[in-house]
Amino acid sequence: MVSNIALALTGDIAVLGYGLAAIGPGVGVGLIFAAVINGTARQPEAQSKLQSIAWIGFGVTEVLAIIGIALAFVFRGA
């Protein structure tokens with residue numbers, strides 16, 4: 001009986017952990033594009049360079065969310 005409750009609780013914690021892990025990339029993406037908007041407002045001629053750097057940062061930041069969901073599935077199955 002106790003092991004069934006512990007197993008169910010572990011799965012719920014994995015999903016909760018992913019939910020908390022998704023907050024970081026969400027905030028990170030917001031900060032990246034806020035910086036691009038701010039930089040473009042200050043120097044409009046640098047917009048293309050800033051935008052390309054922002055997309056690279058966006059990709060790196062989203063990898064964290066993908067790793068988080070992969071770990072949620074790994075820990076849910078354990």
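Looking at an unreviewed UniProt entry, one finds the protein chain named ATP synthase subunit c, with Kribbella deserti as its source organism. Check the Sequence similarities (unreviewed entry) section of the UniProt entry for the protein chain; it says "Belongs to the ATPase C chain family."

This part takes up the overall build of the protein chain. Along its length, the protein chain carries three helices and zero strands. Of the regular secondary structure in the protein chain, the N- to C-terminal order runs α-α-α. When the 78 residues of the protein chain are sorted by exposure, 17% land in the buried category. Considering only intrachain contacts with a sequence separation of at least 6, the fraction spanning at least 24 residues in the protein chain is 73%. Carbon and sulfur atoms provide 76% of the accessible area of the protein chain, an area that totals close to 5700 Å².

To continue, consider the packing of aromatic side chains. Across all of its chains, the model carries three aromatic pairs by this definition. A ring pair is formed by F33 and W55, whose centres lie 5.4 Å apart and whose planes are at 70 degrees; its orientation type is edge-to-face. Placement of the pair is F33 in helix α2 (residues 23–42) and W55 in helix α3 (residues 47–77), with a sequence separation of 22 residues. What makes W55 partly exposed here is its relative accessible area of 48%. Aromatic pair F33 and F58: ring centres 5.9 Å apart, planes at 55 degrees, arrangement tilted. With F33 in helix α2 and F58 in helix α3, this residue pair connects regions lying 25 residues apart in the sequence. Through a chain of ring-to-ring contacts, the aromatic side chains of F33, W55 and F58 assemble into a single cluster.

Moving on: a nonpolar patch on the surface. Residues L16, L20, I23, V27 and L31 make up a contiguous nonpolar surface patch of about 520 Å² in total accessible area. Ranked by residues supplied to the nonpolar patch, first place goes to α2 with three residues.

Cut-offs applied
- Residues numbered from 1 in each chain as written.
- Predicted model: local features only at pLDDT ≥ 70, side-chain atom pairs only at ≥ 80, totals over all residues.
- Heavy atoms only, no water.
- UniProt positions renumbered as here; feature names shortened; annotations may be inferred.
- Helix = DSSP H or I, 4+ residues; strand = E, 2+ residues; numbered from the N terminus.
- Buried < 20%, exposed > 50% of the residue type's maximum accessible area, 1.4 Å probe, protein only.
- Contact = heavy atoms within 4.5 Å.
- Areas by Shrake-Rupley, 256 points an atom, 1.4 Å probe, with all protein chains shown as cover.
- Phe/Tyr/Trp six-rings, centres within 6.5 Å; stacked < 30°, edge-to-face > 60°.
- Patch = residues over 30% accessible without salt bridge, like charges linked within 9 Å, V, L, I, M, F, W, Y side chains within 5 Å.
- Salt bridge = Lys/Arg side-chain N within 4 Å of Asp/Glu carboxyl O.

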